[in-house]
Amino acid sequence: MNRFFVLAAIGLAATGAVAAAAPRLADTPQRAADPGNKVVCKTFTRIGSLADRYRTCKTAAEWQRERDNLRDLDKAYSCRQSDDAAVPCK
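The rules behind these values
- Residues numbered from 1 in each chain as written.
- Predicted model: local features only at pLDDT ≥ 70, side-chain atom pairs only at ≥ 80, totals over all residues.
- Heavy atoms only, no water.
- Helix = DSSP H or I, 4+ residues; strand = E, 2+ residues; numbered from the N terminus.
- Buried < 20%, exposed > 50% of the residue type's maximum accessible area, 1.4 Å probe, protein only.
- Contact = heavy atoms within 4.5 Å.
- Disulfide = S-S within 2.5 Å.
- Patch = residues over 30% accessible without salt bridge, like charges linked within 9 Å, V, L, I, M, F, W, Y side chains within 5 Å.
- Areas by Shrake-Rupley, 256 points an atom, 1.4 Å probe, with all protein chains shown as cover.
- Salt bridge = Lys/Arg side-chain N within 4 Å of Asp/Glu carboxyl O.

## With respect to the overall build of the protein chain
Alright, step 1. Looking only at helices and strands, the protein chain has 2 helices and 2 strands in total.
Alright, step 2. Ordered by position in the sequence, the α and β elements of the protein chain form the string α-β-β-α.
Alright, step 3. Per-residue burial over the protein chain gives 4% buried out of 90 residues.
Alright, step 4. Taking as baseline every contact in the protein chain between residues at least 6 positions apart, the subset at least 24 positions apart corresponds to 9%.

As structure tokens, then:
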């Protein structure tokens, strides 16, 4: 019976030493190596509703690419002219 208590005490001491030596990864937030890889979540209100919302998560680089695409698309549509002889904008 004494052997059991001695082995239990040794086991508890060993696990305490290992736990104290191991770094706590759960407490430290993970940082992206590249700022473009940081995940950014945005909440949008669904069109036609005052209360229904949805959440979209993308990386910062994906949000920037989407903004650039919308800007280019807007520029392309604003440069359209009804006159065929008109010079296209750049």
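## Details of the state of the cysteines
Alright, step 1. Within this structure, the stated rule accounts for 1 disulfide.
Alright, step 2. Between Cys 41 and Cys 57 runs a disulfide, and the two sulfur atoms are separated by 2.0 Å. Classification of the bridge connecting Cys 41 and Cys 57 rests on its S-S torsion, roughly 110°, and on that basis the disulfide is right-handed. Of the two residues, Cys 41 sits in strand β1 (residues 39-45) while Cys 57 sits in strand β2 (residues 53-59), which places them 16 residues apart along the sequence.
Alright, step 3. The exposure class of Cys 57 is partly exposed, given its relative accessible area of 43%.

## What about a nonpolar patch on the surface?
Alright, step 1. Together, Leu 70, Leu 73 and Tyr 77 make up a nonpolar patch on the protein surface, roughly 320 Å² of accessible area in all.
Alright, step 2. Inspection of the secondary structure assignment puts Leu 70 in helix α2 (residues 60-78).
Alright, step 3. Under the relative-accessibility criterion, Leu 70 is labelled exposed at 52%.

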